[in-house]
Amino acid sequence: MELVTTPKQDGFTFPAEFAPQQAVWLAWPERQDNWRNDAKPAQQAFATVANEINQIIPVTVAVSEAQQSEAKKRLDPSVQLEVMTYNDAWMRDIGPTIVTDGKGEKRGISWRFNAWGGDFNGLYSPWTDDDKVAANICDQLGIDHYRAPFVLEGGAIHTDGEGTLYTTAECLLSPGRNPDLTQDEIEQYLADYLGITKVIWLPKGLFNDETDGHIDNLLHVIAPGKVVLSWTDDINDPQYQISREALRVLVNSLDAKGRTIEVIKLPIPGPLYLQEHEAAGIAPSDGMKRNAGERLGGSYANFLMINKTVFLPELDSLTDPMAKSILQKALPDYQIIGIPTREILLGGGNIHCITQQIPTGGAT
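It should be emphasised that the depicted structure is a prediction, and the values quoted were computed from it without experimental measurement.

### Concerning the sheet that holds strand E14 (residues 304–306)
Read from one edge to the other, the open sheet built from three strands follows the order E14-E15-E16, with strand pairing classed as mixed. Two strands in the sheet have a free side with no partner beyond their single neighbour: E14 and strand E16 (335–340). Sheet twist, expressed as the average angle between the axes of neighbouring strands with direction ignored, equals 25°. Bridging between strand E15 (residues 309–314) and E16 involves six bridges; their strand directions are parallel. Within E16, the residue paired with Phe 311 across the bridge is Ile 337. Sheet strands touched by helix H2 (residues 40–54): E14, E15 and E16. Its angle to E16, the strand with the most contacts, is close to 160°.

Here you go:
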């Protein structure tokens, strides 16, 4: 059922990713203007991610009628399939953001979705099926949902579950999202729908991120008052200045509880570029650039935290071990599982972008 109140009015808040979770959702990729070679390499990568997560927590994969048999072939039999209509497979952005009351009750938020920019700079059209996915999943879960009155994607927000929200001005203030809203008005909406009390605005997201700088490619909140930040020491890399601007904001901010923020630097892979043979397998598109030689938005921050396990993208044999070691030191009681995900990166995102967690809803 669609509710007419707001989560804040009803006492619901957005829990951290490191809070207890009960399930994870993905969607099956098939779009040929985003996934190369009829999406077969991407499907194998998505299946690997889904099967790995499914060993820790139940996984459901949304799939089109036409792709059911293909998905069944690649996914573990215990992974649940739900036939659904959607435009592309970015479950973080099209799925519901789940809010909880801390007593076991969950509700979903269906953000307005316009393919990361609508008519201004959206990556594909139409996006109407994607815009219905969150409500459809809430119906599948048997929970009520709120329909937010503004455009937002799940990859644009990170929380510590204690009142602090992290985002980027590049994304939330982009002209393709909510051009009629001021920063203050957007902050008020974030408070109303996520129950947060403080927004930390970083200037920009990862260099060449086609979502207009989603926070989940730049930063990940791993504990209250503790984040990892995508980083490079190469002064000639455009990411060099972006990361330093982000660090400046973080070290000069206090979170909602008045804590200083500990920042752990996580090296970026590469830089990585789209290869000629990879670009050749992608159908031409009006919205998405998929040209050989294009810089890819590779990031280790785009991992998923589920019940004391981190599912970490493996993207570069030179930096993969370093990223894993840094995260293991920062999260000593976590299991770190690396998964090769270049095929997901070629489509414009990574493990965090293709997953959406469903929290238990209980007290942490």
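### Some remarks on the environment of Ile 354
Within the secondary structure, Ile 354 is located in the loop between helix H12 (342–346) and strand E17 (356–359). As a C-alpha pair, Ile 354 and Leu 26 span 328 residues in sequence and 5.9 Å in three-dimensional space.

### Regarding the pairing of E17
In E17, alternate side chains face the same way, and those of Gln 356 and Ile 358 on one face and Gln 357 and Pro 359 on the other are all buried. Strand direction decides the pairing type here: strand E2 (residues 21–27) and E17, joined by four bridges, are antiparallel. The partner of Trp 25 across the bridge, within E17, is Gln 356.

### Some words on unusual backbone geometry
Omega for the bond connecting Ser 125 with Pro 126 falls within 30 degrees of zero, at 0°, which places this linkage in the cis form. Within the secondary structure, Pro 126 is located in the loop between helix H5 (118–121) and helix H6 (130–141). Following Gly 270, the chain continues to Pro 271 via a peptide bond in cis, the omega torsion being 20°. Within the chain, Ala 39 stands out as a residue other than glycine whose phi angle is a positive 70°. For Ala 39, the location among the structural elements is in the loop between E2 and H2. Look at Ala 39 and you get buried, because its relative accessible area is 0%. Of note, Asn 307 is a non-glycine position whose phi angle comes to about 45°, a positive value.

### Overview of the packing of aromatic side chains
Geometrically, a pair of aromatic rings is defined through the distance of the ring centres and the angle of the planes. For the structure on display, the rule yields nine aromatic pairs. Seen in terms of ring centroids, Phe 150 and Tyr 189 are 4.8 Å apart; in terms of plane orientation they differ by 5°. Their pairing is stacked. Taken together, the residues span a long stretch of sequence, with Phe 150 in strand E7 (residues 145–151) and Tyr 189 in helix H8 (residues 183–194) at a distance of 39 residues. Note on Phe 150: relative accessible area 1%, which makes it buried. Residue classification places Tyr 189 among the partly exposed residues on the basis of a relative accessible area of 24%. The cationic tip of Arg 244 hangs over the ring face of Tyr 240; the distance from NZ or CZ to the ring centre is 3.5 Å. The ring of Trp 231 has Lys 265 sitting right over it, with the charged end atom 4.4 Å from the ring centre.

### Some remarks on the sheet that holds strand E5 (residues 97–100)
Read from one edge to the other, the open sheet built from four strands follows the order E1-E7-E6-E5, with strand pairing classed as mixed. A strand with exactly one partner marks an edge of an open sheet, and here the two such strands are strand E1 (2–3) and E5. By the bridge criterion, four bridges tie strand E6 (residues 106–112) to E7 in an arrangement that is parallel. Note that in E7 the partner of Arg 112 across the bridge is Val 151.

### Thoughts on helix H9 (residues 238–251)
Over its 14 residues, H9 runs 21 Å from end to end, which matches the ideal 20 Å to within 8%, given 1.5 Å per residue. Within H9, the full set of buried residues consists of Gln 239, Tyr 240, Ile 242, Ser 243, Ala 246, Leu 247, Val 249 and Leu 250. Contact partners of the buried residues in H9: strand E9 (164–168), strand E10 (198–202), strand E11 (219–223), strand E12 (226–231) and strand E13 (262–267).

### Considering helix H11 (residues 320–330)
Buried residues of H11: Asp 320, Ala 323, Leu 327 and Ala 330, and no others. For H11, the arc enclosing every buried residue in end-on projection is 105°, short of the 170-degree limit, so these residues lie on one face. Residues of H11 that are exposed and point more than 90 degrees away from the buried face comprise Pro 321 and Lys 329. Looking at the buried positions of H11, the neighbouring elements they touch are E11, E12, E13, E15 and E16.

So, how was this worked out
- Residues numbered from 1 in each chain as written.
- Predicted model: local features only at pLDDT ≥ 70, side-chain atom pairs only at ≥ 80, totals over all residues.
- Heavy atoms only, no water.
- Pairing = 2+ DSSP bridges.
- Helix = DSSP H or I, 4+ residues; strand = E, 2+ residues; numbered from the N terminus.
- Axes fitted to C-alpha atoms, helices over the stretch in contact; angles between N-to-C directions.
- Contact = heavy atoms within 4.5 Å.
- Buried < 20%, exposed > 50% of the residue type's maximum accessible area, 1.4 Å probe, protein only.
- Phe/Tyr/Trp six-rings, centres within 6.5 Å; stacked < 30°, edge-to-face > 60°.
- Lys NZ or Arg CZ within 6 Å of the ring centre and 35° of its normal.
- Expected span 1.5 Å × (residues − 1).
- Arc of directions from axis to C-beta.

So yeah, pure geometry; function would need other evidence.
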